[in-house]
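Residue strings, one per chain:
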Amino acid sequence: MVFYFSGTGNSRFVARNIARAIGQETADITSYTKNMERPSFTETGIYVFVCPSYMSAPARAMTDFIEWAGFPSGIRAYFIVTCAASMGITPRVASELCEKKGMEYMGAAQIEMPQNYIALFTTKQVEENIDIIEKAATEIERISGLIKDGKTIGTKKIGAVEYSVTKWVRDVYYKDFMKTTKFKATDKCIACGKCVSVCPLSNITLKDKKPSWGKKCTHCMACINQCPVDAIEYGKGTAGKPRYKGPDSALKQ
Ligand SMILES: Cc1cc2nc3c(=O)[nH]c(=O)nc-3n(C[C@H](O)[C@H](O)[C@H](O)COP(=O)(O)O)c2cc1C
Ligand code: SF4
Ligand code: SF4
């Protein structure tokens, strides 16, 4: 099984392509987390976990899911992190998680995909994103081949200092900066409800025909990027920046 968490579609795209190449099914972890039904998986063999890099580590939505769900002991676990630049301390986070859950750690690999963090960084134009996605396809094929052959996909060692500093920054960021107070819908909003349906944490409701954000946000950037009329802004820094509509939409251009 290839499990994925994805805000703007990069990790879903990678998960689907890996699953196709290795002859497995995909599962969106939010289909379990949204209704709080703790799954207990019984299938033995290989499990692949695909998610974005958030603050130089795998998105917490994924690591929390792996901690929470039941898996048979001894399964072989692969970790694939999509990122704009680096998966950071993922190898150590993933190997420690495997130890805790009694899984065999088969390595972690990164796939560079378009930047989606519009609240903090500059998102790219569609043409540049298409180049990035096309390069990623080669890496997806290489990694899928290794998984298919039962090989490890990279067992990079992460030093103690890098690990503890990154973990500290990540904890502070999740606690103090992943807030929704800066999200606003402008007058362009047509009350279509897309932001409500794309939020993987069901954190948005429509009130008086405008989105209203709750407190469960993980800053996945799906709402602001996927709004069909670009009506969502985050503070003052997002006006005029290109919205990232995801790999499928970029490749259709
Ligand atoms: C909250 C947040 C934090 C991010 N942190 C990093 C990071 O530390 N390093 C990096 O290379 N990319 C980072 N990114 C970029 C994403 O990892 C990248 O665009 C990813 O492919 C998005 O995947 P998705 O479309 O499946 O949500 C971050 C994006 C978000 C939204
Ligand atoms: S997706 Fe955009 S237009 Fe649709 S309800 Fe949300 S903010 Fe309004
Ligand atoms: S509110 Fe927006 S940024 Fe936050 S988790 Fe939902 S879709 Fe992602």
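Residues numbered from 1 in each chain as written. Chains lettered and ligands numbered in written order. Predicted model: local features only at pLDDT ≥ 70, side-chain atom pairs only at ≥ 80, totals over all residues. Heavy atoms only, no water.

### Points about the site of ligand 3
Then, number 1: In the neighbourhood of ligand 3, 13 residues make up the surrounding shell, with Cys199, Trp213, Cys217, Cys220 and Cys223 lying closest.
Then, number 2: Split into classes, the residues belonging to the shell around ligand 3 amount to ten nonpolar, three polar and no charged. (Near = heavy atom within 4 Å. Nonpolar A, V, L, I, M, F, W, Y, C, P; charged D, E, K, R; others polar.)

### Let's talk about unusual backbone geometry
Then, number 1: The residue alanine 191 is not glycine, and still its phi comes out positive at about 55 degrees.
Then, number 2: With respect to the helices, strands and loops of the structure, alanine 191 is situated in the loop between β6 (183-185) and α7 (194-198).
Then, number 3: Relative accessible area serves as the criterion here: at 29%, alanine 191 is assigned to the partly exposed category.
Then, number 4: Positive phi, close to 70 degrees, is recorded for methionine 221, a residue that is not glycine. (Helix = DSSP H or I, 4+ residues; strand = E, 2+ residues; numbered from the N terminus. Buried < 20%, exposed > 50% of the residue type's maximum accessible area, 1.4 Å probe, protein only.)

### Describing the sheet that holds strand β2 (residues 26-28)
Then, number 1: Read from one edge of the open sheet, five strands run β2-β1-β3-β4-β5, paired in parallel fashion. A single partner strand is all that each edge strand has here, and the edge strands are β2 and β5 (104-112). Geometrically, the sheet is characterised by an average inter-axis angle of 20 degrees between neighbouring strands, direction not taken into account.
Then, number 2: In terms of strand pairing, strand β1 (residues 2-4) meets strand β3 (residues 46-52) through three bridges, oriented parallel. Bridge assignment links valine 2 to a residue of β3, and that residue is valine 48.
Then, number 3: Taken strand by strand, helix α4 (residues 90-101) contacts β4 (76-83) and β5, and its axis lies near 150 degrees from that of β5. (Pairing = 2+ DSSP bridges. Axes fitted to C-alpha atoms, helices over the stretch in contact; angles between N-to-C directions. Contact = heavy atoms within 4.5 Å.)

### Here we look at the site of ligand 2
Then, number 1: Around ligand 2 sit 13 residues, and of these Cys189, Cys192, Gly193, Cys195 and Cys227 come closest.
Then, number 2: In the shell around ligand 2, the residues fall into eleven nonpolar, one polar and one charged.

### Details of helix α6 (residues 160-176)
Then, number 1: An ideal rise of 1.5 Å per residue puts 24 Å on 17 residues; α6 measures up with 24 Å between its terminal C-alpha atoms.
Then, number 2: All buried positions along α6 are accounted for by Tyr163, Thr166, Arg170, Tyr173 and Tyr174. The buried residues of α6 occupy an angular sector of 105 degrees when projected down its axis, which confines them to one face. Residues of α6 that are exposed and angled more than 90 degrees away from the buried face: Ala160, Val161, Trp168 and Lys175. (Expected span 1.5 Å × (residues − 1). Arc of directions from axis to C-beta.)

### Digging into the environment of glutamate 128
Then, number 1: Relative to the elements of secondary structure, glutamate 128 occurs in helix α5 (residues 126-148).
Then, number 2: For the pair glutamate 128 and proline 114, spaced 14 residues apart in sequence, the C-alpha to C-alpha distance is 8.4 Å.

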